Amino acid sequence: MRGGQALVVILLILAVALTVGLSVVSRSVTDVGVSTTSEESARALAAAEAGIETALSTAGVVVGTPVNVGQTGKITGSYTILSSDPSGGGDSVTFPEGVKAGDPATVFLVAHTADGQLDTSAGAAKYTGPSFVVCWGENITANTTPALEVMLYYINSSGLALANRNVYDPTAKRTPGAVASLDSPASGCPGDKNYAFKKEINFASALPAGGLSMPASFTPLFLRFKLLYNGDTAYPIGVVGDNDQFPAQARLITAVGQAGQTNRRVEVNERYPDPLPYFDSAVFSGDDLSK
């Protein structure tokens, strides 16, 4: 009788020990799997970021072909650039992050080539509307009410680049020569912000009438916007087209990295670089410049 009881106790002890042992083994296997997946995930992310960096620094990007990263530091595995396509543009272009006084905000009116140059060829996308609406400012304070300077760069039939400038100031008599008559921002502005000011600008209208005085047969290249008088306070700018689409304003790059059985995907929206802004302040003379 006692021998039978001892056997039962021993079997119970063995069952408990086996259960504990299996639990420890299962936990160890799970921890190893989680650790491996976490490491592969980090390596795949690093590989995807390497693909993005390659695309950002290379004009001609190879799309769809896996690239082995090798053993560069802790990065292993491979990346594949899935796409490098134009993006942005459309019916409106916005700068929701805000623009400080004097900082340029550029809206391109022609498309870009694969190497990032302005494309004025016959078949390239371009903005052909006769006018546009620009809205700016939000939650304005009295001492930072911003005026808006708009510059239009365009080319004539001979390919000569030209520029015109106009200023729109909601505060009368503050900016000599500025256009003081603005439109109501209650409608016609992008819906992302509650804009404070709005102006519809016609390309062909004369400067005193609030236009940009560009002959209708010429080709606009890009618009440059600058806010004035708002200092370091950043205000948003939004531009809406007149029954036409703006061409792409950026390049969307998508890359996927792979390490082991893990894939990680990274996307970057790279705005086309602004043309050098110091041309905006160049001094022009009818004669040669001399010291």
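Computed from a prediction, not measured in an experiment: that's the story for all the values here.

(A) Inspection of the side chain of serine 41 at higher detail. You can see serine 41 is positioned in helix H1 (residues 2–57). Judged by relative accessible area, serine 41 falls into the buried class, the value being 17%. Sequence-distant contacts of serine 41, that is, excluding residues within four places in its chain, are made with Thr262 and Arg264.

(B) Quick peek at the nonpolar core. Grouped together as the largest cluster of nonpolar side chains are 29 residues, with contacts concentrated most on Phe132, Phe225 and Ile237. Only strand E3 (92–99), strand E4 (105–108), strand E7 (131–136), strand E8 (147–155), strand E10 (197–202), strand E11 (219–228) and strand E12 (235–241) provide two or more residues apiece to this core. Ranked by the residues each element gives to this core, the list is headed by E8, at four residues. Not counting residues within four places of it along the chain, the set of residues in contact with isoleucine 237 comprises Val93, Thr94, Phe95, Val99, Ala105, Val134, Cys135, Trp136, Leu148, Tyr195, Phe225 and Leu227.

(C) Region of the structure containing the environment of glycine 51. Turning to its location among the elements, glycine 51 is positioned in helix H1. Overall, glycine 51 belongs to the buried group, its relative accessible area being 0%. When the C-alpha positions of glycine 51 and threonine 254 are compared, they lie 8.6 Å apart, and in sequence the two are 203 residues distant. Contacts of glycine 51, omitting those with residues within four sequence positions, involve Tyr79, Ile81 and Ala255.

(D) Representation of the sheet that holds strand E13 (residues 250–259) in the model. Strand order in the open sheet formed by four strands is E1-E2-E13-E14, and the pairing between neighbours is antiparallel. Pairing within the sheet leaves two strands with one partner each, and these edge strands are strand E1 (67–68) and strand E14 (262–271). Strand direction decides the pairing type here: E1 and strand E2 (residues 78–87), joined by two bridges, are antiparallel. Looking at the pairing, valine 67 lines up with tyrosine 79 of E2.

(E) Layout of the sheet that holds E3. Read across the sheet, four strands follow the order E3-E12-E7-E10 without closing on themselves; strand pairing throughout is antiparallel. Among the strands making up the open sheet, the edge pair consists of E3 and E10. Pairs of neighbouring strands in the sheet enclose a mean axial angle of 15 degrees, with direction left out of account. Of the strand pairs in this sheet, E7 and E10 are connected by six bridges, and their pairing is antiparallel. Counted as the bridge partner of serine 131 is asparagine 202 from E10.

(F) Molecular detail of the packing of aromatic side chains. For the structure shown, the criterion picks out nine aromatic pairs. A centroid spacing of 4.6 Å and a plane angle of 10 degrees characterise the contact between tyrosine 127 and phenylalanine 246, whose relative ring orientation is stacked. Residue tyrosine 127 is found in the loop between strand E6 (118–119) and E7, and its partner phenylalanine 246 is found in the loop between E12 and E13; the two are separated by 119 residues along the sequence. For the pair tyrosine 127 and phenylalanine 246, one class covers both residues: buried. Look at tyrosine 153 and phenylalanine 222: their rings are 4.6 Å apart centre to centre, the planes differ by 20 degrees, and that puts the pair in the stacked class. Note that tyrosine 153 is positioned in strand E8 and phenylalanine 222 in strand E11, a separation of 69 residues in sequence. Taken together, Tyr127, Phe132, Phe203, Phe225 and Phe246 form an aromatic cluster joined through their ring pairs.

Reading the values: rules and limits
Residues numbered from 1 in each chain as written. Predicted model: local features only at pLDDT ≥ 70, side-chain atom pairs only at ≥ 80, totals over all residues. Heavy atoms only, no water. Helix = DSSP H or I, 4+ residues; strand = E, 2+ residues; numbered from the N terminus. Buried < 20%, exposed > 50% of the residue type's maximum accessible area, 1.4 Å probe, protein only. Contact = heavy atoms within 4.5 Å. Core = buried A, V, L, I, M, F, W, Y, C linked by side-chain atoms within 4.5 Å. Pairing = 2+ DSSP bridges. Axes fitted to C-alpha atoms, helices over the stretch in contact; angles between N-to-C directions. Phe/Tyr/Trp six-rings, centres within 6.5 Å; stacked < 30°, edge-to-face > 60°.

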